[in-house]
Amino acid sequence: RFTFRNIVGMGLRIEAFEWVEYFIKTYGDKLPPEHHESMVSFNLARLAYIRQRYGEAIALLQKADYEDLLLNLAARILLLKIYYETRALRPLEASLEATKIFLRRKKIIGYHRDNYQNILRYFEKLMALNPFDTAEKKALQTALEQEEHLTERDWFLKNLHSK
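What this report covers is the structure whose coordinates are included nearby. These figures come from a predicted structure and were not determined experimentally.

Of regular secondary structure, the protein chain possesses nine helices and zero strands. The order of α-helices and β-strands along the protein chain, N terminus first, is α-α-α-α-α-α-α-α-α. By the compact-globule yardstick of 15 Å for 163 residues, the protein chain fits well, its C-alpha radius of gyration being 16 Å. When contacts within the protein chain are restricted to residue pairs at least 6 apart in sequence, those whose partners lie at least 24 apart make up 59%. For the protein chain, the exposed surface amounts to about 9500 Å²; the carbon and sulfur share of it is 52%. Separation between the mean location of the 26 positive side-chain charges and that of the 22 negative ones in the protein chain comes to 2 Å.

It is worth spelling out the nonpolar core at this point. Phe42, Leu61, Ile82, Phe123, Leu126, Leu144 and Phe156 are the most contacted members of the largest nonpolar core, which totals 54 residues. For this core, the element with the most residues is helix 5 (residues 69-85), which contributes twelve residues. Other than its neighbours up to four places away in sequence, phenylalanine 156 contacts Ile119, Tyr122, Phe123, Leu126, Leu144 and Leu150.

Right, let's get into the environment of alanine 74. Residue position: alanine 74 is located in helix 5. For the pair alanine 74 and alanine 16, spaced 58 residues apart in the sequence, the C-alpha separation amounts to 21 Å. Residues contacting alanine 74, with those up to four places away along its chain left out, are Arg5, Phe42 and Tyr116.

Right, let's get into a nonpolar patch on the surface. Where nonpolar side chains cluster on the molecular surface, the patch consists of Trp19, Tyr22 and Tyr27 and spans about 350 Å² of accessible area. Considering the arrangement of structural elements, one finds tyrosine 27 in helix 2 (residues 17-27).

Turning our attention to the packing of helix 5 against helix 6 (residues 89-105). Look at helix 5 against helix 6: their axes get within 9 Å of each other, and the N-to-C directions meet at 160°. With respect to helix 6, the element helix 5 is oriented roughly antiparallel. The handedness of the crossing between helix 5 and helix 6 is left-handed. For the pair formed by helix 5 and helix 6, the contact residues are Leu69, Asn72, Leu73, Arg76, Leu79, Leu80, Tyr83 and Tyr84 on the first element and Pro91, Leu92, Ser95, Leu96, Ala98, Thr99, Phe102 and Leu103 on the second.

This part is about the layout of surface pockets. Considered as a void within the structure, the largest pocket measures approximately 1200 Å³ in volume. Forming the walls of the largest pocket are 28 residues, and the residues nearest its centre are Arg13, Arg46, Lys81, Thr151 and Glu152. Elements that contribute at least two residues to the lining of the largest pocket include exactly helix 1 (2-13), helix 3 (33-50), helix 5, helix 7 (112-128) and helix 9 (153-161). In terms of residue class, the lining of the largest pocket is built from 13 nonpolar, seven polar and eight charged. What the second largest pocket holds in volume is close to 150 Å³. Lining the second largest pocket are 13 residues, with Glu34, His35, Ser38, Asp65 and Glu67 sitting closest to its centre.

Moving on to the environment of alanine 48. If you trace the backbone, alanine 48 turns up in helix 3. For alanine 48, a relative accessible area of 2% corresponds to the buried category. When the C-alpha positions of alanine 48 and isoleucine 77 are compared, they lie 15 Å apart, and in sequence the two are 29 residues distant. Excluding its chain neighbours within four sequence positions, the residues that come into contact with alanine 48 are Arg53, Glu56 and Ala57.

Moving on to the environment of tyrosine 84. Counting through the fold element by element, tyrosine 84 comes out in helix 5. Residue classification places tyrosine 84 among the buried residues on the basis of a relative accessible area of 6%. In contact with tyrosine 84, not counting residues within four places along its chain, are Leu92, Phe123, Leu126, Met127, Trp155, Asn159 and Lys163.

Rules and cut-offs
- Residues numbered from 1 in each chain as written.
- Predicted model: local features only at pLDDT ≥ 70, side-chain atom pairs only at ≥ 80, totals over all residues.
- Heavy atoms only, no water.
- Helix = DSSP H or I, 4+ residues; strand = E, 2+ residues; numbered from the N terminus.
- Rg over C-alpha atoms; globule rule 2.2 N^0.38 Å.
- Contact = heavy atoms within 4.5 Å.
- Areas by Shrake-Rupley, 256 points an atom, 1.4 Å probe, with all protein chains shown as cover.
- Lys, Arg positive; Asp, Glu negative; His and termini not counted.
- Charge placed at Lys NZ, Arg CZ, Asp CG, Glu CD.
- Core = buried A, V, L, I, M, F, W, Y, C linked by side-chain atoms within 4.5 Å.
- Buried < 20%, exposed > 50% of the residue type's maximum accessible area, 1.4 Å probe, protein only.
- Patch = residues over 30% accessible without salt bridge, like charges linked within 9 Å, V, L, I, M, F, W, Y side chains within 5 Å.
- Salt bridge = Lys/Arg side-chain N within 4 Å of Asp/Glu carboxyl O.
- Axes fitted to C-alpha atoms, helices over the stretch in contact; angles between N-to-C directions.
- Parallel < 35°, antiparallel > 145°, perpendicular 65-115°, else oblique.
- Left-handed = near helix turned anticlockwise from the far one by under 90°.
- 1 Å grid on protein atoms, 1.4 Å probe; cavity = no way out; pocket = protein on both sides within 12 Å on 5 of 7 lines; lining within 4 Å.
- Points joined across faces, edges and corners; volume = space filled by probe spheres on them.
- Nonpolar A, V, L, I, M, F, W, Y, C, P; charged D, E, K, R; others polar.

Shown next as structure tokens:
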């Protein structure tokens, strides 16, 4: 399942969207039954998100039960990104709070905790940012660039500059 997710990620990175869709639909059935639904729906949601089909992505994210802790967190972060990009502020705030509580309750994720805590912290900073304050934007950009553990750095920088 990890290889499956990584292959989809690389396909999305190089923008081979048609191939990614083919891969998910063709090889998703090869996954162990206990991971099939969650991995296929999560990866189809990633593809829908990239294609800016946000409603489809949300429906796919809600379809599966994410028992895998890191997959659950990745799905939550994807949902936060969708809410931010669609300016759905109430669901964004509620989901952000729920994810903070979820992360606080989970003690077994080790070094991943720093990354997810940083993601949540930078979501809050981005939401609170005054888009007309260039000094504040520059300070946030510097902080993002210098953050050691932040897998969503590129997304934050892109959205910082579009604000």
